[in-house]
Amino acid sequence: MTVTVRPYRKGGWEVDIVLTFPGRPKIRERRKAPVRTKSAAKRWGEDRERQLIQHYTSTDPDEDDDDRPDLVKKETPTLAQFAPRYLEGHCEANRLRPATIDQKKRVIRNHLVPVLGKKRLDRIKAEDVQRLKASRKHLAPTSLNNVLTLLRAILNVAVEWGVIDALPTKVKKIKHDETGYVFYDFEELDLLVLTAEQLGDPNLVLTVLLAGEAGLRCGEMVGLEWSDIDLRRDTLMVNRSVWRGVVTPPKGGRSRSLPIATRLREALVKHRHLRGPRVLVAGRGKPPGTTTVRCWLAKVQREAGFPTKGPHALRHTFCSHLAMRGAPPQVIKEYAGHRSLHTTERYTHLSPKLRADAIHLLDRPQEWRHVGDGPKKVKKLK
C-alpha cells in the first residue's frame, strides 16, 4: 500500500494510491489533490487511502468491484440542481439583503440555467464560459460581468462545501472601458428641484432632494421616518431600507448619519405631515413602493425636459457634487455609505464644464520672484 505524490501536468499535485488485498485485484486510484502544497497533498492522500481501506475491507470479498458503491465519490450535481442549494445554504444563511437574493435568482433563472443549467459543476470548462459570454452579447458589459461573477461565486461555494474538488476552470470577466456615471450638473439639479416645486406635490420635491442632496438610495427613501431626522442638529440618520415591504438594514449592513443641506431642511420643515411615521407617503397615507418613487422622479424629469433616469442618477449627482466642491473621498464614502473607498473614487469624476474650466488655469498670469541670493526661481500664481 503506497501513496505517491507527484507534480500534476496542469499545476498542483497528483496523488497516486495503490492498494493490494489478498485474493483481490490490485486497486489503484490517481487523482489531483484539492490542495496547493505537496505536504498537504500527502496528508490528503493518506486520508483517502484510509477511507479506501476501510471501505474495501468492510465489503464482501466475493462482491464485484464494479457493483460496489463508492462511499467517498458522490454524483456531482448540475448547475441547475446546485443553484437552489447555493441560494438557500449560502445567500439566505448569510442573511443577504432580499433585493440581493432576488437579483441572484433572476440572474440564475434568466442567464445561467438556460446556457449552463444541464452541465455538471465539475465539467464546466473554459469553452462553456465563452459560450455563455457569446449568448449574452446583448447585455451591457457591467451586466455580463455580474453574471460571470455569480457563476464564479457558485463554483467557489461548491469547492468550499466539497461538492467538487477544485474549480473546473477560471471564470474571467470581460474587459471594457469604464464609462462615467450619469449625473446632473448643478444647474440641472436646480432645474429638477424647481420643476418639482412647480408641480405642487411635496413627495416630488422630497424625492429629488433626498436623492440629490442626501444621496439616499430608493429603498432608503421609502424607509426614511421622521424619527430619523433631527432638525435641531440638522442631521439625518439612514437606519433602514425597504424592498417590497420588507424592512432591512441599509446596504452595507450599518446605519449612517449625515448633515442636512439647507434646501432639503426647508423642504422637510415645509412638508412635515402627521399622516404616518414615514417621510414619503402615497395614497391614503400608506408608504410608497420603490416603483412609485421611480414614477415620481420620472414625472419630474419629463416635465424638466430630461430623459428618464433612475433614482441612482441623483445619488451619483450627490457624490459628484461633493467631489466637485472639494470634499475628501473619505467623507463622501461615509455620507454615501460605501463599503470601499474604491467605489467612492469611481463617483468622484468631474463634470465636462469643470474639466473645461480647469484648463484655463494655465492661462492665468504668473509672477516670478527670486529666492534668496541664488538663481533659483519660484513660480507663483496670482
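Residues numbered from 1 in each chain as written. Predicted model: local features only at pLDDT ≥ 70, side-chain atom pairs only at ≥ 80, totals over all residues. Heavy atoms only, no water.

Colleague: Before we move on, can you summarise the sheet that holds strand S5 (residues 235-238) with the specific residues and values?
Modeller: One open sheet accounts for three strands, arranged S4-S5-S8; its pairing is antiparallel. This sheet does not close on itself; its edge strands, each paired only once, are strand S4 (229-230) and strand S8 (256-259). Pairing between S4 and S5: two bridges, direction antiparallel. Considered in S5, the bridge of isoleucine 229 is made with leucine 236. (Pairing = 2+ DSSP bridges. Helix = DSSP H or I, 4+ residues; strand = E, 2+ residues; numbered from the N terminus.)

Colleague: Explain the nonpolar core to me, and be specific about the residues and the numbers.
Modeller: One finds Leu192, Val208, Leu210, Leu216, Ile229, Leu236 and Leu268 to be the most contacted residues of the largest nonpolar core, which totals 43 residues. Ranked by residue count, the leading element in this core is helix H7 (residues 202-212), at seven residues. Counting 28 residues, the second largest nonpolar core, distinct from the first, contains Leu87, Leu150, Ile164 and Val171. (Core = buried A, V, L, I, M, F, W, Y, C linked by side-chain atoms within 4.5 Å. Buried < 20%, exposed > 50% of the residue type's maximum accessible area, 1.4 Å probe, protein only.)

Colleague: Mind laying out the sheet that holds strand S2 (residues 13-19), listing which residues take part and the relevant values?
Modeller: Across the sheet, which stays open at both edges, the three strands sit in the order S1-S2-S3 with antiparallel pairing between neighbours. What marks the edges here is a single partner per strand, and that holds for strand S1 (2-7) and strand S3 (27-32). Pairwise comparison of adjacent strand axes, ignoring direction, gives a mean angle of 15° for this sheet. Bridge analysis of S1 against S2 gives six bridges, and the strand direction is antiparallel. Note on S2: the bridge partner recorded for valine 5 is valine 15. (Axes fitted to C-alpha atoms, helices over the stretch in contact; angles between N-to-C directions.)

Colleague: So, a positive patch on the surface: which residues are in play, and what are the values?
Modeller: Taken together, the side chains of Arg9, Lys10, Lys32, Arg123 and Lys125 present a region of like positive charge at the surface. Among the structural elements, lysine 32 can be located in strand S3. On the basis of relative accessibility, which here comes to 34%, the residue lysine 32 falls in the partly exposed class. (Patch = residues over 30% accessible without salt bridge, like charges linked within 9 Å, V, L, I, M, F, W, Y side chains within 5 Å. Areas by Shrake-Rupley, 256 points an atom, 1.4 Å probe, with all protein chains shown as cover. Salt bridge = Lys/Arg side-chain N within 4 Å of Asp/Glu carboxyl O. Lys, Arg positive; Asp, Glu negative; His and termini not counted. Charge placed at Lys NZ, Arg CZ, Asp CG, Glu CD.)

Colleague: Which residues make up the packing of aromatic side chains, and what are the values?
Modeller: Here the structure, examined in full by the defined rule, presents two aromatic pairs. Taking 5.9 Å as the distance between ring centres and 65° as the angle between the ring planes, the aromatic pair formed by phenylalanine 82 and tryptophan 161 counts as edge-to-face. A residue pair is termed long-range when its members are at least 10 positions apart, and phenylalanine 82 in helix H2 (residues 79-92) and tryptophan 161 in the loop between helix H5 (141-160) and helix H6 (186-199) qualify at 79 residues. Exposure remark for phenylalanine 82: the relative accessible area of 0% places this residue in the buried category. For arginine 272, the ring lying beneath its charged end belongs to tryptophan 226, and the centroid distance is 4.4 Å. (Phe/Tyr/Trp six-rings, centres within 6.5 Å; stacked < 30°, edge-to-face > 60°. Lys NZ or Arg CZ within 6 Å of the ring centre and 35° of its normal.)

Colleague: Any details on the pattern of salt bridges? Residues and values, ideally.
Modeller: Two side chains with opposite charge may pair up if their charged atoms get near one another. A complete count under the given rule lists 24 salt bridges for this structure. We note a salt bridge from aspartate 102 to arginine 244, for which the minimum N-O separation is 3.9 Å. Here arginine 244 lies in the loop between strand S6 (241-243) and strand S7 (246-248) and aspartate 102 lies in helix H3 (residues 98-116), a separation of 142 residues in the sequence. On the basis of relative accessibility, which here comes to 16%, the residue aspartate 102 falls in the buried class.

Colleague: Residues and numbers for the pairing of S2, please.
Modeller: Of all seven residues making up S2, six are buried, and the element is well covered by its neighbours. The antiparallel pairing of S1 with S2 creates a hairpin that spans five residues between the two strands, and glycine 11 there sits at a positive phi of about 100°. Looking at chain direction, S2 and S3 are connected through six bridges and run antiparallel. The residue of S3 that forms the bridge with valine 15 is arginine 31.

Colleague: Give me the lowdown on unusual backbone geometry, citing residues and values where you can.
Modeller: At aspartate 234, a residue that is not glycine, the phi angle is positive and equals roughly 55°. Along the chain, the position of aspartate 234 falls in the loop between S4 and S5. For aspartate 234, a relative accessible area of 27% translates into the label partly exposed.

Colleague: Before we move on, can you summarise the environment of leucine 199 with the specific residues and values?
Modeller: Within the element layout of this structure, leucine 199 appears in helix H6. C-alpha separation for the pair leucine 199 and glutamate 303, spaced 104 residues apart in sequence, amounts to 8.8 Å.

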